[in-house]
Amino acid sequence: MVESKAEKAEVGREDVEADKENMDVEEPAADAPMKVFTVEILRLIKDMQLQHGLRHGDFQRYRGYCSRRVRRLRKTLNLPQGDRRHYKKRNVTLANLEKPNSDERFLHIPLMLAERTWSYAMQLRQESNTEPRKRFHLIEKLRKSCVYALQLQDLCASDRCDARTKLEAEAYSAWIHGSLHFELGLWQSAAENLKKAQVIYENLAQAMPEEEQTVYRAKVEELQPSLRYCAYNVGENASVNDLLEMRGQAGLLGNLSHLVAQTKAESMEAFQMTEWRGRSVTVRPEKVRLFLLSIQELGRSIEKAKDYPAKIEMLESVLLDCKDAIAAIKDEIKQDPKLRQPAAGEAGGAAGGGLIGIQYLLAYMSYTRLKLTLERNLFLVAQAKLTLDDPNVAEKTPLASGGGKKTKPQDLSRLYEIILQNVTEMQQLGGMEHDAAYQAEMEQLALSFRAFRCYYIAITLVAMKRWREAVAMYERSRKYASDASSSKTPCKDFDLRGELKQLIATIEGCKFSAHAYSVLEDDTADDTVLFGKSQKSSKPLYERLSHYKEDATLNSRNPNVFKLIPEMEPIPAKPLFFDLALNFVDFPSLDDKIEQKGSTGKGATAGMSGFVKGLFGWGGGGASK
């Protein structure tokens, strides 16, 4: 059940690939020049083998994929072999390649046929361990694979293919023939063919860029055990290298050096080379090449910009393209797991020696992004300095150009803090931790920006009239600027030595001025300045006669000289007395006097009591009832 799901997923993925192939077919113009095809045979078959079964040694699954691939190619390229009722064999010929609307995928058909028969032979080899009779079938499949490999070699030998494709087709054919002769026990012929393939792959590895060499070197190592076994069976009388030299004198590999030189020249043209810190690196992703071409004239474009906002906007648009280029490099690294980590034992090399080509390119593009970000932030600083030095510029400059708001020293110190974060990211760039020269340049750059940040922090403290702290920050800024100016490894992209010398000269005067104010500073809290706003004292003049202070309110209508109305003060309250003896006094009874005053006769008393009894519902009459 698991296998069926995997096969369904694979077929679904192949359908998507088929749709892409159908979409890629274009009809070129009639007068278009004939293009030269480039087919990376070894890389192509290795990718297909790893994706379709050979990662786990499943040759049957790979054989099924090759069959479906051939069927899709014939359908896409309109090269069927008959219809549903009749079969008519149609091989790919030179006529198919010489058509104006030809496609390099015509070369994929014999390649996939050779791979299909080879994978069938490898499947039979696994089964022949228990069924020896299948070795005959294995030999026949390898013979058929050799036929398709020779067809591919003949097609690639035409002028429509470049030198790299010719070499790869020749090496592939030699490897297939060597595998057949190895199974037949023809050790001398097998050694010749396998050695021929190994030599071609070694030369291709030397001609290719660094990131292209891995697959060829892996193939060279793969052929080494078979060559040793063949040399053992050939015997001591004949060496494999001697046999190859004898065949080379006959002209078999006579044009190898010429083809290798041509391949190297074509690879240099196909992949742009860029250099960073004394090391050349190949730029293979298309987005990266376009980006590097676009920033070649960036400096001139920035110089032509009329104001700082235009320069900042230009850099921000370039930064977006840089991020897309970095994403393209990361996607390429994700597709190949071997590129994710540097080789063991290579870490710690100087000048990025521990990084392979694609990783070094990623480090270079990350540095470019941080450098552009740093330039953008420096333009923001330059724009802010305009309104800091001359406040009238903020009023005259329109809002669209960044004006209308006065800059404070705190704003500049925050901008330099952001710039220092960018420099820290540059120092922590992956793969450049062990580059001593690079780290020294970044340290000098960090010291320079720390000097500017401390200078504007000191200006902020001066505005707050915190003179002692301002003097300390001026001194620290001067120390950073002196260390950065005396550094022997200045940053090549950001040379700030002229600005640092000017900063040191400015700090000298500012520091003495702040020191003079600190001597005259009043320690009382009356004149404390907090964030630029003075805290006024409410004491009248007669209470502060010993302190001099210019008070404009003394010339007003209500001068604060003396308080005529005294302030309210707490005083002791009148005590409260309690008559405690009254609770222990016995007063005479007044009942007799109250009864005499209220009684008028016997009938009146009875009438009153009867009224009360009748009112509350109790009495003698109610009870009798």
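Residues numbered from 1 in each chain as written. Predicted model: local features only at pLDDT ≥ 70, side-chain atom pairs only at ≥ 80, totals over all residues. Heavy atoms only, no water.

The name an unreviewed UniProt entry assigns to the protein is Signal recognition particle subunit SRP68, from the organism Anopheles merus. Its UniProt record gives the protein a comment under Function (unreviewed entry), which states: "Component of the signal recognition particle (SRP) complex, a ribonucleoprotein complex that mediates the cotranslational targeting of secretory and membrane proteins to the endoplasmic reticulum (ER). The SRP complex interacts with the signal sequence in nascent secretory and membrane proteins and directs them to the membrane of the ER." (UniProt positions renumbered as here; feature names shortened; annotations may be inferred.)

(A) The side chain of Q198, seen in detail. Take Q198: it is sitting in helix α8 (residues 187-207). Contacts of Q198, omitting those with residues within four sequence positions, involve V220, L223, Q224 and L227. (Helix = DSSP H or I, 4+ residues; strand = E, 2+ residues; numbered from the N terminus. Contact = heavy atoms within 4.5 Å.)

(B) Just empty space enclosed by the protein, in detail. Applying the stated criterion across every chain yields a total of two cavities of 30 Å³ or more. In this model, the second largest cavity occupies a volume close to 30 Å³. Lining the second largest cavity are R74, N91, V92, I109, P110, L113 and Q151. When residues in the lining of the second largest cavity are grouped by element, the largest group, three residues, is from helix α5 (residues 108-127). (1 Å grid on protein atoms, 1.4 Å probe; cavity = no way out; pocket = protein on both sides within 12 Å on 5 of 7 lines; lining within 4 Å. Points joined across faces, edges and corners; volume = space filled by probe spheres on them.)

(C) Region of the structure containing the nonpolar core. Counting 68 residues, the largest nonpolar core has W276, L361, M365 and F449 as its most contacted members. In terms of residue count, helix α15 (residues 357-389) provides more of this core than any other element does, 14 residues in total. Two domains each put at least three residues into this core: domain 2 (271-341 + 354-387) and domain 3 (414-522). Counting 61 residues, the second largest nonpolar core, distinct from the first, contains F106, A169, Y172 and L180. (Core = buried A, V, L, I, M, F, W, Y, C linked by side-chain atoms within 4.5 Å. Buried < 20%, exposed > 50% of the residue type's maximum accessible area, 1.4 Å probe, protein only. Domains from an automatic or database assignment.)

(D) Spotlight on the packing of aromatic side chains. In this structure the tally under the stated criterion is 20 aromatic pairs. With a centroid separation of 6.0 Å and 65 degrees between ring planes, the pair formed by Y367 and Y438 is classed as edge-to-face. Residue Y367 is found in helix α15, and its partner Y438 is found in helix α18 (residues 436-463); the two are separated by 71 residues along the sequence. The same class applies to Y367 and to Y438, which are both buried. Measuring from ring centre to ring centre gives 6.3 Å for Y416 and F449, while their planes differ by 35 degrees; the resulting arrangement is tilted. Here the residue Y416 occupies a position in helix α17 (residues 409-427), and F449 occupies one in helix α18, the gap between them amounting to 33 residues. Judged on exposure class, the residue Y416 and its partner F449 are both buried. Linked through ring pairs, Y416, F449, F452, Y455, Y456 and Y474 together constitute an aromatic cluster. In this structure, K219 packs its charged tip against the face of W175, placed 3.8 Å from the ring centre. (Phe/Tyr/Trp six-rings, centres within 6.5 Å; stacked < 30°, edge-to-face > 60°. Lys NZ or Arg CZ within 6 Å of the ring centre and 35° of its normal.)

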